[in-house]
Amino acid sequence: MSRPIATDVVLVSAIQLSVNVGPECWGRSRNQPVAINVYLHLKPNFLDTSGQSDNVTDSIHYGHLTKDVSTLSESSYDGVRALIDSATTKAFYIAGEHAEAIRVIVGLPKLILLAEGFEVELITPMGQSTFGQAATVTVKDLIMPILIGVNPPERLAKQRVITNITFHEKPGVHMVDYPAIVKQISEEIEQTAYLTLEKFVLHIVRSACLASEAIESVTVRAQKPSALSFAHSSGVEITRSRDAFR
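Residues numbered from 1 in each chain as written. Predicted model: local features only at pLDDT ≥ 70, side-chain atom pairs only at ≥ 80, totals over all residues. Heavy atoms only, no water.

Looking at an unreviewed UniProt entry, the protein chain carries the name dihydroneopterin aldolase, with the source organism given as Rhizopogon vesiculosus. Per UniProt, the protein chain carries the Pathway (unreviewed entry) text "Cofactor biosynthesis; tetrahydrofolate biosynthesis; 2-amino-4-hydroxy-6-hydroxymethyl-7,8-dihydropteridine diphosphate from 7,8-dihydroneopterin triphosphate: step 3/4." The UniProt entry for the protein chain carries this comment under Catalytic activity (unreviewed entry): "7,8-dihydroneopterin = 6-hydroxymethyl-7,8-dihydropterin + glycolaldehyde". (UniProt positions renumbered as here; feature names shortened; annotations may be inferred.)

Encoded structure:
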């Protein structure tokens, strides 16, 4: 087994803002709750100095980072990518020459009506443009009532299925309407019934992969909370590339 690679990261998690990044769940362009997570991926062993001196001035001041990112609520943005670009620029400025890359995750908890959350993640290496990077987009804990199962009682009533969908986009800037994709998938699911989670998950994977040419691959994990008495849930996870359905 190979040894883990040394990594140094300073992070600020879940900076809460109210920002206009375009339409919210009801299609109105106005401020909505936003959570911003910023990870400064620093040069290897950079944190050794502060780790030995125990002096915060030898590290990156995450208080300054939080303050700078918080000012983003003063503007409106043409989509989540533009917000991430602004946050990334501020993070590189704070980290200076010590940063190798910046990872920003923006969460929009109110964007998808039936989901617990929606996140867009971008990792930007030093010297490169945020808009040239491949985004990872996640719909978290989407709740759908489904007629599913092989046991006779399961054929009599719908049960909750908790589904997480992760879209891996191709590099570059893409205008993908994820709320519309989730709505389309939900409507498809409402008209069908399944015996197994495997077929249910593969159906969603296929629909999600083919929903946009910008999507390179999709991972779907679905869980049935009602399936087992002494476990949280049973589940299935499948990952496929768009090419698998051509």
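Caption draft 1: Summary view of the packing of aromatic side chains. In total, this model carries two aromatic pairs according to the counting rule given. Centroid distance Phe118 to Tyr178: 6.0 Å. Interplanar angle 50°. Geometry classified as tilted. Separated by 60 residues along the polypeptide, Phe118 in strand β4 (residues 115–125) and Tyr178 in helix α4 (residues 178–190) bring together distant segments of the chain. By the ring-pair criterion, three or more aromatic residues cluster together here, those being Phe118, Phe167 and Tyr178. When the ring centre of Tyr39 is taken as origin, the NZ or CZ atom of Arg103, which lies over that ring, is 3.9 Å away. (Phe/Tyr/Trp six-rings, centres within 6.5 Å; stacked < 30°, edge-to-face > 60°. Helix = DSSP H or I, 4+ residues; strand = E, 2+ residues; numbered from the N terminus. Lys NZ or Arg CZ within 6 Å of the ring centre and 35° of its normal.)

Caption draft 2: Just the packing of helix α2 (residues 62–70) against helix α3 (residues 80–95), in detail. Running from N to C, α2 and α3 cross one another at 155°; their axes reach a closest spacing of 10 Å. It follows from the interaxial angle that α2 and α3 lie roughly antiparallel. In the packing of α2 onto α3, the handedness of the crossing is right-handed. When α2 is examined against α3, the residues His64, Leu65, Asp68 and Val69 are found in contact with a partner set consisting of Lys90, Ala91 and Ile94. A class-by-class count of the residues in the contact of α2 with α3 yields four nonpolar, one polar and two charged. (Axes fitted to C-alpha atoms, helices over the stretch in contact; angles between N-to-C directions. Parallel < 35°, antiparallel > 145°, perpendicular 65-115°, else oblique. Left-handed = near helix turned anticlockwise from the far one by under 90°. Contact = heavy atoms within 4.5 Å. Nonpolar A, V, L, I, M, F, W, Y, C, P; charged D, E, K, R; others polar.)

Caption draft 3: Just the nonpolar core, in detail. Among the nonpolar cores identified, the biggest contains 67 residues, and Ile36, Leu40, Phe167 and Phe200 are the most heavily contacted of them. The leading source of residues in this core is α3, at eight residues. Each of domain 1 (1–126) and domain 2 (134–245) contributes no fewer than three residues to this core. Apart from residues lying up to four places away in sequence, Ile36 is in contact with Val12, Ser13, Ala14, Ile15, Leu17, Val69, Leu72, Leu83, Val104, Ile105 and Val106. (Core = buried A, V, L, I, M, F, W, Y, C linked by side-chain atoms within 4.5 Å. Buried < 20%, exposed > 50% of the residue type's maximum accessible area, 1.4 Å probe, protein only. Domains from an automatic or database assignment.)

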